[in-house]
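Results of the structural survey
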Amino acid sequence: MQNVVFGIVTGSILAVATLGFALVRQTENFLNIAHAQMMALGAFVGVVLVDTYGMNIFAAGAITVVGLGALGVVLSAVFFQPVRHQGGTVLLFTSIGLALMMYACILALFGTQARFYPNVSGSLHRFAGIGIATNELVIIGLAFGSIAALQLFLNGTGLGRAIRAVASNDELARVRGVPVRSVSNTIWFISSAFGAMAGVMLGVLGSVNTEIGWHNILIVLAAAVLGGLRSITGVILAGLLLGIMMDVSALIIPTAYRPVVAFGVLVAVLILRPEGILSVQRRKDAVVT
Amino acid sequence: MTNPIFWVGVLTLAAIYASLAMALNVESGWGGMWDLGIAGLLAAGSYCYVILTADPDLGMRFAPGLSMWVAWPLSALFTGLVAFAIGAPALRLRREYFLITTLAFAEIIRQLVVIQADFTRGTLGIPNINRPFDSFVTGRDYNYVLLVIAALAAAVMYLVTRQIGSSPFGRTLRAARDNEAVALALGKRVNRMRIQTFVLAGILIGATAPVYLFYIRAISPQLFAPGITFTVWTALVIGGLGSIRGGLAGAFVLIVFTEAVGLIEVDPAHINILVAIEPMLVGLLLVLVLRFRPDGLFSERDSFGSRRTQAERASGRAATASSRPTAAAQASD
């Protein structure tokens, strides 16, 4: 049971990261490999604010999330907008280039030394024999809080509806006068902010090192594919499922296999059920007929 | 400039990357299969070679201590088998999903290498890999021998891939990439061809793996992180995806450029910046080429487009559209 709790914590972080990723995939139509570097950057900016400048973790987290959200908008305008008309594969490779550049910046600015958030774990609570630390409770709460906020935003506001319109049919939305540019900026802000938030959470839970981005991109891809990319519920379920599977599998097989489990699940899902776990419709774009 | 040995090393590395990029071009450029799992295939070939030739004293569970001339073709074949095992399920998926699957398989292979430490020595790695002719030529002079080996490998790779590219098989492959329906209608067995191509690229990468090891001299799983896949891809995209010379030219531009920048003297206090230079340059080059010259230095049309008229070239996007039926028509030759 203890591992299930760990799995839920990992899974909620994963769900936050993957939602940001899936949002861009749905509206801009490409896999943004640089997303995981945004997570790494978030983890580092947060740790510097807390550790070096002695800020409160919540203040530091808020500054990181908003700051990197804004950075995401700038990066998309500089890197992705100019090559947008060339289609998904050029965008994908541009995002690999951007990921490499962000990785280089992280190496240059923060060095290769692993870093830790000081004094953030809080006290240990016990419920029916299962221990859970304050920081883990806060992570789960924040993760689901922000996902719920995103859901409300997408369903309840004009801009949110515009985003969903662009996601379901880009051209029709454009023709109908949806402000595509501001929708795009909003998406990049939310996506990067979610990535940065997941990064800070990962850092709080473990340690911060420069390889975070490369380690997480595959897990995020796995969760996104597992969730079927289309529905928010699917992504949340996929994130939780993957998190729990990775942590529970540690009981049966050595922990060293943890990433292999995630990728094994990914491969199995892609091959056996490429439409994702929740989707009824067969994913036409995924399978060779 | 600095000593010639340094530049011999740079050229050797460039030739190795050129071989890998040309092998990648066969499956990704012509076959349209966007493979992000080259690191995994390279790891399979490298570890197969190392295990077959390893010194039995290293305490690995399986160390037949074969001659390198036997192990070399065996590791190429083994990599082909691994490619088949990956390709058979993965090729049922389309572009993006295929790409994710190959990336995942590469990472699985790397993790397996780490975990199966009995066979591979895991993260410890294996030092002092035997190299051909190193009992005859010793010390610094060996670098020249290595350059000759790598250059020969690249030359053979160039000839082989050129042969594939201009053969009926290569034309059909490109036709199926551009318009699968037409190729199928012409009775081409597209899926079968794709898996053949994927395995062929695996064999070519597996055959290059030992040359890479001769250069690196010591093997560890860290070598096969996704970074190497991205570097090979960048080389190919810079040179021109789908062009015969693309991989060759792109790898030399990329490697000479990144290594030359590494020569800049940096204060040891700023060692971080030195480490960051390579990914920064690779990323920047990739972004710039995609933005300003998406066809690369040599485009596919330069390699194959002799029949295309000037008017089609001038009309930009229309030319690409009209080239599709052309490629398909060539396939029926």
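Residues numbered from 1 in each chain as written. Chains lettered and ligands numbered in written order. Predicted model: local features only at pLDDT ≥ 70, side-chain atom pairs only at ≥ 80, totals over all residues. Heavy atoms only, no water.

**As for the pattern of salt bridges**
If you walk through the whole model with that rule in mind, you get five salt bridges over all chains. As a salt-bridge pair, A:E28 and A:R84 come within 3.7 Å of each other at their nearest N and O atoms. Here the residue A:E28 occupies a position in helix α1 (residues 2-28), and A:R84 occupies one in the loop between α3 (57-80) and α4 (88-110), the gap between them amounting to 56 residues. We classify A:E28 as buried; its relative accessible area is 7%. Residue A:R84 is classed as partly exposed on the basis of its relative accessible area, which comes to 22%. Here B:R177 makes a salt bridge to B:D178, at a shortest N to O gap of 3.1 Å. (Salt bridge = Lys/Arg side-chain N within 4 Å of Asp/Glu carboxyl O. Helix = DSSP H or I, 4+ residues; strand = E, 2+ residues; numbered from the N terminus. Buried < 20%, exposed > 50% of the residue type's maximum accessible area, 1.4 Å probe, protein only.)

**A closer look at the interface of chain B and chain A**
Counting residues at the interface gives 40 residues for chain B and 49 residues for chain A. Between chain B and chain A the total buried area reaches about 4,100 Å² when both faces are included, carbon and sulfur atoms providing 76% of it. Together, B:R92, B:Y97 and B:I100 form the three largest contributors to the area buried by chain B at its contact with chain A, with a combined 16%. At the junction of chain B and chain A, the tally comes to zero salt bridges. Mapped by element, the contributors of at least two residues to the side of chain B that touches chain A are α4 (95-115), α10 (226-239) and α12 (271-292) of chain B. No other element matches the 14 residues that α4(B) contributes to the side of chain B that touches chain A. Its residues assigned to classes, the side of chain B that touches chain A shows 27 nonpolar, six polar and seven charged. (Contact = heavy atoms within 4.5 Å. Buried area = accessible area lost by both parts, 1.4 Å probe. Nonpolar A, V, L, I, M, F, W, Y, C, P; charged D, E, K, R; others polar.)

**Quick word on the confidence of the model for chain B**
Residues and elements named next belong to chain B. Within chain B, residue pLDDT values average 82, and 89% of them lie at 70 or more. Confidence over residues 307-311 falls short of pLDDT 50; this stretch has five contacts with residues more than four positions distant or in other chains. Low pLDDT, under 50, characterises residues 317-333; the predicted model gives this stretch 24 contacts beyond four residues in sequence or across chains. (pLDDT = per-residue confidence, 0-100.)

**Section: the packing of aromatic side chains**
A complete count under the given rule lists 15 aromatic pairs over all chains for this structure. Centre to centre, the rings of A:F30 and A:F80 are 5.0 Å apart; their planes meet at 50 degrees, and the pair counts as tilted. Linking A:F30 in the loop between α1 and α2 (35-52) with A:F80 in helix α3, this pair joins segments that are 50 residues apart in sequence. Residue A:F30 shares its accessibility class with A:F80, and that shared class is buried. Plain terms: the ring middles of A:F30 and A:W188 are 6.2 Å apart, the flat faces sit at 40 degrees to each other, and that makes the pair tilted. With A:F30 in the loop between α1 and α2 and A:W188 in helix α8 (residues 180-205), the pair connects residues that are 158 residues apart, well separated along the chain. Following the ring pairs from residue to residue traces out a cluster consisting of B:Y49, B:W69, B:W72 and B:F214. Note that B:R245 overlies the ring of B:F298, its terminal NZ or CZ placed 5.8 Å from the centroid. (Phe/Tyr/Trp six-rings, centres within 6.5 Å; stacked < 30°, edge-to-face > 60°. Lys NZ or Arg CZ within 6 Å of the ring centre and 35° of its normal.)

**A word on the environment of B:L99**
Considering the arrangement of structural elements, one finds B:L99 in helix α4. Residue classification places B:L99 among the buried positions, given a relative accessible area of 4%. Placed 65 residues apart in sequence, B:L99 and B:W34 show a C-alpha to C-alpha distance of 5.6 Å. Residues within four places of B:L99 in sequence aside, it is in contact with A:L31, A:L92, B:W34 and B:L36.

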